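Summary of the model geometry
The primary structure of each chain is shown beneath.
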Amino acid sequence: MDLKPPHVSPILTDPVPSNKSRLGIHSSLLAYSQQDSPLSNSGKYTKSNSKKNMGNLDDVRSNGWLDAMKASSPPRKKSTHKGSSAQVASFDYDVEDYNLWMLGYPSALDAFEKIVDRAKDKKIAMFLDYDGTLSPIVEDPDCAFMSEPMRTTVQSVAKYFPTAIISGRSRDKVFDLVKLTELYYAGSHGMDIIGPVSDILSVNHPNCIKSTDQQGKEITLFQPAREFLPMIDEVFKTLIEITKDIEGAKVENHKFCVSVHYRNVEENNWTTIGQRVHDIIKNYPRLRSTHGRKVLEIRPVIDWNKGKAVEFLLESLGLTNRNDVLPIYIGDDKTDEDAFKVLRERNRGYGILVSLARKESNALYSLRDPNEVMKFLQLLVNWKRDQETVKK
Ligand SMILES: O=P(O)(O)OC[C@H]1O[C@H](O[C@H]2O[C@H](CO)[C@@H](O)[C@H](O)[C@H]2O)[C@H](O)[C@@H](O)[C@@H]1O
């Protein structure tokens, strides 16, 4: 596949537009400056600056963080025993209410014929989120493994349709979990995209760099938040430090963003963890925090998200602005909404939300869980296979 020069660019949303560099790159993309650091000179987090940074515990209640943290995943079923880390989180849900909600977001399985009817003369481009879509939500993020049948299914999908995984995890981590070389990968919520080398792309796009993979093969990377690497690294270390006394808290470094998990933190400590993260982040005007499923995601303030990543990949694949292309995006999280929105606004394809709970969404269809995702993908593969057989 040859990547074409993309015209979608990360337009920055920093509120101080006059602050541009001589290169025309916005300050928020410039190399990290130590002045931004809330850390001591040694670069270490200290108790004294920790105290100074700690605001009032009410901040996190009054600014809506706590409510968002509580609402960020369906309530878990009460369990009397401590489960293993790979235990699938089980959720309570109201069946009647869910069925009512589904009137607005019909099952993609029930609507399968309608979906493929529109896909008949088109080329499907498949975009998949990872956690909660290809793997079930589990207690420990390091144990979110994909089942072998799911892996085989995704591999078959990639045989017939260009397929990309767009995840909040770092690109390396998501590849280690998926282990399929025939896919495209976008990590860190789309801020780290890998594609085969294309001279035009790498020469023309300021955010593209050439690199080599572990096998020494040349690759092209698209990394619009590269300047933030030192800042993200610093915040990661600080967040580890300030959460280490909170039982169950887990901080992950995803290269261009950081995740602070509170799924395994006692609910009466959520305000504390939220407040501490909030107090650190407010010292970094170039970083923002978003809410995922029992996770706070810290990321650069740039106008780049999973929706932009979909547009970038479509353009790179030469599939943009074409009536004969039908993108399908399947995801379960708030961050996937940006991608659903891109498809919905342009009436270009289908967003499918994976959810066991009522949620407002820009998706058009729904699936309950990764099992249903697998069924849907298998139906799609079988349908395509049949189509090809008929053509022969
Ligand atoms: O964009 P995604 O691929 O969906 O990644 C989003 C986050 O997924 C992971 O966290 C979520 O899944 C974990 C494993 O099931 C679960 O324990 C956690 O509560 C969920 O929030 C990942 O660990 C995060 O870093 C990603 O940002």
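Residues numbered from 1 in each chain as written. Predicted model: local features only at pLDDT ≥ 70, side-chain atom pairs only at ≥ 80, totals over all residues. Heavy atoms only, no water.

In this section: the overall build of the protein chain. When its secondary structure is counted, the protein chain shows 13 helices and 13 strands. Out of the 392 residues belonging to the protein chain, those deemed buried represent 55%. Relative to all contacts within the protein chain whose residues are 6 or more apart in sequence, the contacts with residues 24 or more apart total 65%. Summing over all exposed atoms, the protein chain offers an accessible surface of approximately 18,700 Å²; the carbon and sulfur share of this is 49%. (Helix = DSSP H or I, 4+ residues; strand = E, 2+ residues; numbered from the N terminus. Buried < 20%, exposed > 50% of the residue type's maximum accessible area, 1.4 Å probe, protein only. Contact = heavy atoms within 4.5 Å. Areas by Shrake-Rupley, 256 points an atom, 1.4 Å probe, with all protein chains shown as cover.)

This brings us to the packing of aromatic side chains. Within the structure shown, the criterion is met by eleven aromatic pairs. Each ring, one from Y98 and one from W101, has its centre 5.3 Å from the other, and the planes form 40°; the classification is tilted. Note that Y98 and W101 are positioned in helix α4 (residues 95-101) at a spacing of three residues, about one turn of the helix. We classify W101 as buried; its relative accessible area is 4%. A ring pair is formed by F112 and F376, whose centres lie 5.8 Å apart and whose planes are at 80°; its orientation type is edge-to-face. Taken together, the residues span a long stretch of sequence, with F112 in helix α5 (residues 112-119) and F376 in helix α13 (residues 370-391) at a distance of 264 residues. Across the pair, F376 and F112 agree in class, each one buried. (Phe/Tyr/Trp six-rings, centres within 6.5 Å; stacked < 30°, edge-to-face > 60°.)

Our focus in this paragraph is the site of the ligand. Within the structure, the ligand sits among 22 residues, and D129, V138, E252, R263 and R293 are positioned closest to it. Between the ligand and S259, the relevant distance is 2.7 Å, taken from an oxygen atom to a side-chain nitrogen or oxygen of the residue. Take E297: an N or O atom from its side chain is 3.0 Å from an oxygen atom of the ligand. A total of 570 Å² of accessible area belongs to the ligand in isolation, and the protein chains cover 99% of it. Listing elements by their share of the shell around the ligand, those giving two or more residues are β8 (258-261) and β10 (295-300). Classifying every residue of the shell around the ligand by side-chain character gives seven nonpolar, five polar and ten charged. No fewer than three residues from each of domain 1 (101-198 + 304-390) and domain 2 (228-300) sit in the shell around the ligand. (Near = heavy atom within 4 Å. Polar contact = N/O pair within 3.5 Å; in protein donor to acceptor, adjacent residues only side chain to side chain. Nonpolar A, V, L, I, M, F, W, Y, C, P; charged D, E, K, R; others polar. Domains from an automatic or database assignment.)

Under the 1.5 Å per step criterion, the end-to-end length of helix α9 (residues 229-243) is 21 Å for 15 residues, consistent within 8% with the ideal 21 Å. If you check which residues of α9 are buried, you get M231, I232, E234, V235, F236, T238, L239, I242 and T243. Among the structural elements, β7 (250-253), β8, α10 (270-281), β9 (287-292) and β10 are those in contact with the buried residues of α9. (Expected span 1.5 Å × (residues − 1).)

As a further point, take the pairing of strand β11 (residues 325-331). The buried fraction of β11 amounts to seven of the seven residues, a majority that puts the element mostly inside the structure. Residues of β11 alternate between two faces, with V325, P327, Y329 and G331 on one and L326, I328 and I330 on the opposite face, all of them buried. Across six bridges, the pairing between strand β1 (residues 123-128) and β11 is parallel. In the strand pairing of β11, L128 is matched with I330. Looking at chain direction, β11 and strand β12 (residues 350-354) are connected through four bridges and run parallel. Across the sheet, the residue bridging to I330 is I352, located in β12. (Pairing = 2+ DSSP bridges.)

Shape is all these values report; function is a separate question.
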